[in-house]
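Okay, here's what each chain looks like letter by letter:
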Amino acid sequence: MTTALEVASAVRDPELPVLTLADLGVLRDVSEEDGRVVVTITPTYSGCPAIDEMGADLRRSLKSAGYSEVEVRLSLSPAWTTDWISAEGRSKLAAAGIAPPARIGPSVAGPVPLNLVPPSRQVACPQCGSPNTSEISRFGSTACKALRRCNACAEPFEHVKEI
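- The name that an unreviewed UniProt entry assigns to the chain is Ring-1,2-phenylacetyl-CoA epoxidase subunit PaaD, with the source organism given as Lentzea atacamensis.

Put into structure tokens, the structure is as follows:
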């Protein structure tokens, strides 16, 4: 029998189906005991509209694999960050023509400067690799993605924003 972790790790993200929930880093924990499975996930942000679908997909997949009792829990702390996207997940995004987010690194303790203008980012085109790209829209098909265009090859592409 396939383990609950293997089943849960294979469930695809409903908004970025090139990634699994494990690739995306939202799959936090899977425990099983006596046929009961508890899965803990962290949404990409607290208002993520896909979180209900993620839970339903996890329950459906695990029940199809023979686990009759499945509970999906949400954990909001620590908050999800794009740094949790796996190296394989970043490669899958790029291969699908979606620019992966840059790594942010650990947060610094202390006061956070407030800047109302988003910082300009140099995002490489996933098609040709050129860093000469520009943002068309801060929001793409989902709130976590921006729409960009490559100034070198003229191809539009989405970029997963750093959080």
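### Points about the domain arrangement of the chain
Move 1: The assigned domain composition of the chain is domain 1 (4-74) and domain 2 (97-102 + 118-163).
Move 2: Look at where the C-alpha atoms of domain 1 and domain 2 centre, and you get two points 28 Å apart.
Move 3: Contact with domain 1, which involves four residues of that partner, is made by six residues of domain 2.
Move 4: Both sides of the domain 1 and domain 2 interface together cover about 410 Å² of buried area, and 76% of this is carbon and sulfur.
Move 5: Taken as a group, Glu-15, Leu-16 and Tyr-45 account for 80% of the area that domain 1 buries against domain 2, more than any other trio of residues on that side.
Move 6: By residue class, the composition of the side of domain 1 that touches domain 2 is two nonpolar, one polar and one charged.

### Brief notes about the pattern of salt bridges
Move 1: On inspection of all chains with the given rule, the structure shows 10 salt bridges.
Move 2: The shortest N-O distance in the salt bridge between Arg-60 and Asp-57 comes to 2.4 Å. Taken together, the residues span about one helical turn, with Arg-60 and Asp-57 both in helix H3 (residues 51-64) at a distance of three residues.
Move 3: Given a relative accessible area of 47%, Arg-60 falls into the partly exposed group.
Move 4: One salt bridge connects Arg-73 with Glu-71, and the closest N-O pair in it is separated by 2.9 Å.
Move 5: Given the relative accessible area of 40%, Arg-73 is considered partly exposed.
Move 6: The class for Glu-71 is partly exposed, based on a relative accessible area of 27%.
Move 7: One salt-bridge network, in which partners are shared between bridges, spans Arg-36, Glu-69, Glu-71 and Arg-73.

### Examining the side chain of Thr-42
Move 1: Following the sequence through the fold, Thr-42 ends up in the loop between strand S2 (36-41) and H3.
Move 2: Of the polar contacts made by the side chain of Thr-42, one reaches the side chain of Arg-28; its length is 2.8 Å.
Move 3: Discounting residues that sit within four places of it in the chain, Thr-42 has contacts with Val-26, Arg-28, Ser-75, Pro-78, Trp-80 and Trp-84.

Cut-off values and rules
Residues numbered from 1 in each chain as written. Predicted model: local features only at pLDDT ≥ 70, side-chain atom pairs only at ≥ 80, totals over all residues. Heavy atoms only, no water. Domains from an automatic or database assignment. Contact = heavy atoms within 4.5 Å. Buried area = accessible area lost by both parts, 1.4 Å probe. Nonpolar A, V, L, I, M, F, W, Y, C, P; charged D, E, K, R; others polar. Salt bridge = Lys/Arg side-chain N within 4 Å of Asp/Glu carboxyl O. Helix = DSSP H or I, 4+ residues; strand = E, 2+ residues; numbered from the N terminus. Buried < 20%, exposed > 50% of the residue type's maximum accessible area, 1.4 Å probe, protein only. Polar contact = N/O pair within 3.5 Å; in protein donor to acceptor, adjacent residues only side chain to side chain.

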